Amino acid sequence: TGSPLLSLKVTQFTFEPPPLVTIRLSQVEVCWNSISNLTYQVQYRSDLTTKVWPSLVDCVRSTDSTSCIFDPVVVGQPQRFYRVSLTNCVPALPAQ
């Protein structure tokens with residue numbers, strides 16, 4: 001009667017490249033691939049032994065295929081680790 005039909009479930013994982021970090025004289029520029037009009041949250045840690053990721057800035061609404069933020073270099077914090085995630089947060093309106 002032939003072989004039985006097999007049903008397979010395929011899961012696809014897509015990994016984005018890590019954020020690009022450029023160190024300037026007094027600030028760090030963090031850039032990532034983005035999709036226009038979506039919002040992103042940039043978080044950081046100075047120590048990988050903690051599980052806390054504070055937000056670096058309010059939500060960032062992308063306007064192009066690459067988004068960037070600047071983080072001033074903090075005295076006494078020789079390193080920072082960054083992560084960027086896609087969110088549905090609403091950026092704060094600029095003060096008028």
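The structure contained in this document is the topic of the report that follows.

1. A closer look at the overall build of the chain
A tally of helices and strands in the chain yields zero helices and six strands. Mapped in sequence order, the helices and strands of the chain form the string β-β-β-β-β-β. Within the chain, buried positions represent 26% of all 96 residues. Restricting the contact set of the chain to residue pairs at least 6 apart, pairs at least 24 apart contribute 64%. By element, 58% of the accessible surface of the chain is carried by carbon and sulfur atoms, the whole surface being about 7,800 Å².

2. Side note on the environment of Q27
Mapped onto the fold, Q27 is located in strand β2 (residues 27-33). Residue classification places Q27 among the partly exposed positions, given a relative accessible area of 28%.

Criteria and thresholds
- In every chain, residue numbers begin from 1 and rise along the written sequence.
- Where local features are concerned, this predicted model is filtered to residues with pLDDT of at least 70; where side-chain atom pairs are given and counted, the filter is 80 or more; whole-chain, interface and lining totals use all residues.
- Excluded from the side-chain calculations are hydrogens and water; all other atoms, namely the structure's heavy atoms, are used.
- Put simply, DSSP marks the helices as runs of H or I at least four residues long and the strands as runs of E at least two long, and each gets a number from the N terminus on.
- For the exposure calls, accessible area comes from a 1.4 Å probe over protein chains only, and a residue counts as buried if that area is under 20% of its type's maximum, exposed if over 50%, partly exposed in between.
- Working rule for contacts: check all heavy atoms of both residues, and any pair within 4.5 Å makes them a contact.
- Using the Shrake-Rupley algorithm and a 1.4 Å probe, accessible areas are obtained, with residue cover drawn only from the displayed protein chains.

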